[in-house]
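# Residue-level structure breakdown
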Amino acid sequence: MSGRAIRPEEVFSGRAENYAAARSGYPRELFAWLMASARLAPGAVAADVGAGTGKFTESLLDCGLAVHAVDPNAQMLEQAMARLLAHPDFYPHLGSGEATGLPDASVDLVTCATAFHWLDADAFARECRRILRPGGKVLLTWLVRDESTPVNRAHMDVLRAFCPNFTGLAHGYDESLPRLSRFFASQEAHAFDADAVYDRATFVRRSLSSSYALRPEDARYADFVAALGALFDAWAEDGRVCVRTRAVCYLGAPAEPKGEENA
């Protein structure tokens, strides 16, 4: 199957504030590795595809890169603009990974952080080849929550009970793995510790920011929020819950298309 039938511009509408407030960032070690492995220097130009509220974009800016933040959801992009628009090297664009609107051969790096699973892989590869300068690389990365830990298993029990579209905490990464060898001509992989620590309000808001989470208009929404709060109370230590997480990264050149993906 090529991409998802449901698009992120649909499922993330109404979730942008929770996303901006509660989603964790990516570890600093990732960006040091990225700059060295992609042979980037301050002043290089990146396209951050699926930039959302600008979590990954901001760290790219901190590396000294000029960043074109591309996202199809206006509400998500507005959150990024509210925080980053004053930065002289931040350029927001309402667009998609398959059609960024950026000029040919205009960027040194394309990044896609916890968003590749929403894209048509072949169309995204074509767009990457079009906008990348010679020698440019693509970084695909995910924040992958460890489903084997007790708190994450308990969290999944709550999500399964209330969210019909929930398939797993690592669903985006798991769905993407079979597509990686097709997307990249060659790639290198690396992983970094990225544990997230939440207080009660942020833990609940992190759950509500997910694409599969119930919305306030859903009949069981109040019970869902109460169950998330009770889950936090059961597992918190000193008012905090630590969610075991890794940042998994793949860096390489996009492959030439090979026809349609198998369903």
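Scroll up to find the structure this text is about.
Let me sum up the structure you'll find in this document. (Residues numbered from 1 in each chain as written. Predicted model: local features only at pLDDT ≥ 70, side-chain atom pairs only at ≥ 80, totals over all residues. Heavy atoms only, no water.)

Here we come to the side chain of N18. Structurally, N18 can be placed in helix α2 (residues 16-22). Within the structure, the side chain of N18 is placed 2.6 Å from the side chain of R205, a separation counted as a polar contact. (Helix = DSSP H or I, 4+ residues; strand = E, 2+ residues; numbered from the N terminus. Polar contact = N/O pair within 3.5 Å; in protein donor to acceptor, adjacent residues only side chain to side chain.)

The next thing to look at is the packing of aromatic side chains. Inspection of the entire model under this criterion finds 15 aromatic pairs. A centroid spacing of 6.2 Å and a plane angle of 50° characterise the contact between F116 and F124, whose relative ring orientation is tilted. The pair formed by F116 and F124 is uniform in burial state, with each residue classed as buried. Ring centres of F183 and F184 lie 5.0 Å apart, and the angle between their planes is 85°; this geometry places the pair in the edge-to-face category. Under the relative-accessibility criterion, F184 is labelled buried at 3%. Joined through ring pairs, the aromatic side chains of F116, F124, W142, Y173, F183, F184 and Y250 make up one cluster. When the ring centre of F116 is taken as origin, the NZ or CZ atom of R179, which lies over that ring, is 4.7 Å away. (Phe/Tyr/Trp six-rings, centres within 6.5 Å; stacked < 30°, edge-to-face > 60°. Buried < 20%, exposed > 50% of the residue type's maximum accessible area, 1.4 Å probe, protein only. Lys NZ or Arg CZ within 6 Å of the ring centre and 35° of its normal.)

Moving on, we come to helix α4 (residues 55-62). Of all the residues in α4, the buried ones are F56, T57, S59, L60 and L61. Just downstream of α4, G64 is the residue with a positive phi angle, here 90°.

Before going further, it helps to spend a moment on the environment of L85. Relative to the helices and strands, L85 resides in the loop between α5 (74-84) and β3 (90-94). Judged by relative accessible area, L85 falls into the partly exposed class, the value being 47%. Residue contacts for L85: discarding those within four places in its chain leaves A80, F90 and P92. (Contact = heavy atoms within 4.5 Å.)

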